[in-house]
Amino acid sequence: NNDEDTTATLDGIEVLLQTVAQFRKRQPQTDNELETLENAAMVLDAALTYNPANVQAFVKAQGMELVMRCLKERVHAGGVALKWLDLTTTTTTTNNNDDDDLSLYQSACQYMVHDASALKYLLPLWMARHLP
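Basis of the calculations
Residues numbered from 1 in each chain as written. Predicted model: local features only at pLDDT ≥ 70, side-chain atom pairs only at ≥ 80, totals over all residues. Heavy atoms only, no water. Helix = DSSP H or I, 4+ residues; strand = E, 2+ residues; numbered from the N terminus. Buried < 20%, exposed > 50% of the residue type's maximum accessible area, 1.4 Å probe, protein only. Contact = heavy atoms within 4.5 Å. Areas by Shrake-Rupley, 256 points an atom, 1.4 Å probe, with all protein chains shown as cover. Core = buried A, V, L, I, M, F, W, Y, C linked by side-chain atoms within 4.5 Å. Salt bridge = Lys/Arg side-chain N within 4 Å of Asp/Glu carboxyl O.

Caption draft 1: Region of interest: the overall build of the protein chain. The helix and strand tally for the protein chain stands at 7 helices and 0 strands. Listing each helix as α and each strand as β along the protein chain from the N terminus yields α-α-α-α-α-α-α. The buried share of the protein chain, reckoned over its 132 residues, is 39%. Within the protein chain, residue pairs in contact and separated by at least 24 positions form 66% of the contacts whose partners lie at least 6 positions apart. Accessible surface, the protein chain as shown: approximately 8,000 Å² in total, 50% of it carbon and sulfur.

Caption draft 2: The arrangement of the nonpolar core in detail. Of all hydrophobic cores here, the largest spans 38 residues; its most connected members are Ile 13, Leu 17, Leu 44, Phe 58, Met 64, Val 67 and Trp 84. At the level of secondary structure, the elements contributing two or more residues to this core comprise helix H1 (2-21), helix H2 (31-50), helix H3 (52-60), helix H4 (63-73), helix H5 (76-89), helix H6 (99-115) and helix H7 (119-126). In contact with Trp 84, not counting residues within four places along its chain, are Leu 17, Val 20, Ala 41, Leu 44, Asp 45, Leu 48, Phe 58 and Val 67.

Caption draft 3: Quick peek at the pattern of salt bridges. Tallied over the full model, the rule gives 2 salt bridges. Arg 26 is paired through a salt bridge with Glu 33; the nearest N and O atoms lie 3.1 Å apart. Residue Arg 26 is classed as partly exposed on the basis of its relative accessible area of 31%.

What follows is the structure, encoded as structure tokens:
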């Protein structure tokens, strides 16, 4: 049953990421497309906020890479996706986090820095400079 939950979580996160991925190289053209993008982003925000297992699914589904691509292309999706990096690499003290949950966030941080090369795109944003 745990394997089924993991598969369902990964599939759900992948569907949301695929919805956002449609806009990784272009701006939403209609109000309907903009609403679709914003709704997918809000659902993914909630999923990452309230269930630490979704953080692992996000990393496995290459969510961080999608964020980097969206930031690089400077599209609307980059703005909504930037929050996901915060949600996948930090934890709140209000949640009753055990060591397993904390290790998920730590591994997400390590993945973001080492594998997704996020600092290449994030540091220029923080310094108000142009992206590479």
